[in-house]
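What follows is each chain in one-letter form.
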Amino acid sequence: KVIDYLIEEKGYKEEEIKSIEGVWGKKMPAYYVVVVFENEPNIKYSYFAHGKVQQFEFYPINDKEVTVDGLKNFDSDF
């Protein structure tokens with residue numbers, strides 16, 4: 001569902017997505033999807049996929065501080 005959303009609604013190409021992984025979490029939501037994009041290999045974006053797909057979190061893989069201003073794949077609907 002998230003890959004379809006990214007490609008069909010957000011206009012990404014499959015090759016622009018480095019990885020996509022479903023995760024069972026301990027917090028809400030219990031199940032979410034983590035996406036890493038090729039153009040930002042050090043940022044993980046989390047998507048909630050129950051009902052409407054929505055980006056709800058981002059965080060750096062390398063523990064460096066990140067601001068929204070510098071992100072290429074930040075969803076402004078978030």
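Residues numbered from 1 in each chain as written. Predicted model: local features only at pLDDT ≥ 70, side-chain atom pairs only at ≥ 80, totals over all residues. Heavy atoms only, no water.

A. Looking closely at the overall build of the chain. Of regular secondary structure, the chain possesses 1 helix and 4 strands. Starting at the N terminus and ending at the C terminus, the chain contains elements arranged as α-β-β-β-β. Over its C-alpha atoms the chain spans a radius of gyration of 12 Å, differing by no more than 12% from the 12 Å that the globule rule assigns to 78 residues. By principal-axis analysis of the C-alpha atoms, the chain measures approximately 30 × 30 × 20 Å. Scored against the burial criterion, the 78 residues of the chain give a buried share of 33%. If you take every contact in the chain between residues at least 6 apart in sequence, the share linking residues at least 24 apart comes to 28%. For the chain, the exposed surface amounts to about 5,300 Å²; the carbon and sulfur share of it is 48%. Charge separation in the chain, taken as the distance between the mean sites of 10 positive and 15 negative side-chain charges, equals 4 Å. (Helix = DSSP H or I, 4+ residues; strand = E, 2+ residues; numbered from the N terminus. Rg over C-alpha atoms; globule rule 2.2 N^0.38 Å. Buried < 20%, exposed > 50% of the residue type's maximum accessible area, 1.4 Å probe, protein only. Contact = heavy atoms within 4.5 Å. Areas by Shrake-Rupley, 256 points an atom, 1.4 Å probe, with all protein chains shown as cover. Lys, Arg positive; Asp, Glu negative; His and termini not counted. Charge placed at Lys NZ, Arg CZ, Asp CG, Glu CD.)

B. Geometry of the side chain of Gln 55. Within the secondary structure layout, Gln 55 lies in strand S4 (residues 54–60). Owing to a relative accessible area of 1%, Gln 55 belongs among the buried residues under this scheme. Reaching out from Gln 55, the side chain makes a polar contact with the backbone oxygen of Asn 73 at a distance of 3.2 Å. A distance of 2.9 Å separates a polar side-chain atom of Gln 55 from the backbone nitrogen of Asp 75. (Polar contact = N/O pair within 3.5 Å; in protein donor to acceptor, adjacent residues only side chain to side chain.)

C. Seen up close, the sheet that holds strand S3 (residues 40–48). Judged by pairing direction, the sheet is antiparallel, and its 4 strands sit side by side in the order S1-S2-S3-S4 without closing on themselves. Every other strand in the sheet has two partners, leaving strand S1 (17–24) and S4 as the edge strands with one partner each. Within this sheet the neighbouring strands show an average axis-to-axis angle of 25°, counted without direction. One ladder, built from 6 bridges, connects S3 with S4; its direction is antiparallel. By the bridge assignment, Ser 46 is partnered in S4 with Glu 57. (Pairing = 2+ DSSP bridges. Axes fitted to C-alpha atoms, helices over the stretch in contact; angles between N-to-C directions.)

D. Structural detail: the nonpolar core. In this structure, Val 2, Leu 6, Val 35, Phe 37, Tyr 45 and Tyr 47 are the most contacted members of the largest nonpolar core, which totals 15 residues. Taken together, the elements giving at least two residues each to this core come down to helix H1 (2–9), strand S2 (31–37) and S3. (Core = buried A, V, L, I, M, F, W, Y, C linked by side-chain atoms within 4.5 Å.)

E. Inspection of the environment of Lys 1 at higher detail. Relative to the elements of secondary structure, Lys 1 occurs in the segment before H1. Apart from the residues within four sequence positions on either side, Lys 1 is in contact with Ala 49, His 50, Gly 51 and Val 53.

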